[in-house]
Amino acid sequence: MKKDQQQVILSRELRKGQTEAEKLLWSHLRNGQLERVKFRRQQPIGSYIVDFVSFDRMLIIELDGGQHDELSNRAKDEQRTNYLEGRGYKVMRFWNNDVLQNVDGVLVRIMETLG
């Protein structure tokens, strides 16, 4: 199986197994609800699969759980962000807890970035 096909399959699996934070944020992003901007979820970009992306606005939103606070994962996240920003994307990162406890605040920050 080609790498592209593997990524499509993995993307579908990730959509089915969303975290609670991903489900909550997606309920506000889907169908152009936020500033009429179209977002997609669990989309392959290069060798990565991003949580949410607006291709029109070149904006990626990543949600991170506690495992991302570990030193080795922080380095991987930084490498991933550098790769994506090198392709012209703006990358926003939020902790799952921030989304779950203050989704309105997260949405305000996204809207400010969409400006």
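Anything mentioned here points back to the structure above.
Just so it is clear, the structure is predicted and the values come from calculations on it, not from any experiment.

The rules behind these values
In every chain, residue numbers begin from 1 and rise along the written sequence. Residue-level local features of this predicted model are given only where pLDDT is at least 70; pairs of side-chain atoms are given and counted only at 80 or more, and the full residue set underlies all totals for whole chains, interfaces and linings. Hydrogens and water are ignored here; the side-chain numbers use all heavy atoms of the structure. Counted as salt bridges are all cases of a side-chain nitrogen of Lys or Arg within 4 Å of a carboxyl oxygen of Asp or Glu. Each helix corresponds to a stretch of at least 4 residues labelled H or I by DSSP, and each strand to a stretch of at least 2 residues labelled E; elements are numbered beginning at the N terminus. Each residue is assigned to one of three classes by its accessible area relative to the maximum for its type, calculated with a 1.4 Å probe on protein chains only: buried under 20%, partly exposed between the two thresholds, exposed over 50%. Nonpolar cores are built from buried Ala, Val, Leu, Ile, Met, Phe, Trp, Tyr and Cys residues. Side-chain atoms within 4.5 Å join them into one set. Any two residues whose heavy atoms approach within 4.5 Å are treated as being in contact.

**Examining the pattern of salt bridges**
In step 1: Counted under the stated rule, the structure contains four salt bridges.
In step 2: The partner of D64 in a salt bridge is R93, and the shortest N-O contact between them spans 2.9 Å. With D64 in strand 3 (residues 59-64) and R93 in strand 4 (residues 90-95), this pair connects stretches of sequence that are 29 residues apart.
In step 3: Note on R93: relative accessible area 25%, which makes it partly exposed.
In step 4: Through salt bridges with shared partners, a single network forms among D64, D77 and R93.

**A word on the nonpolar core**
Note on soluble globular proteins: their nonpolar side chains tend to be buried together.
In step 1: With 19 residues, the main nonpolar core has L25, F39, I61 and I110 as its most contacted residues.
In step 2: Looking at which element gives the most residues to this core, the answer is helix 5 (residues 103-114), with five residues.
In step 3: Among residues more than four places away in sequence, those in contact with I61 are L25, L29, F39, D51, F52, M92, F94 and I110.
In step 4: Judged by nonpolar contacts, the second largest core, of seven residues, contains V50, I60, L84 and V91.

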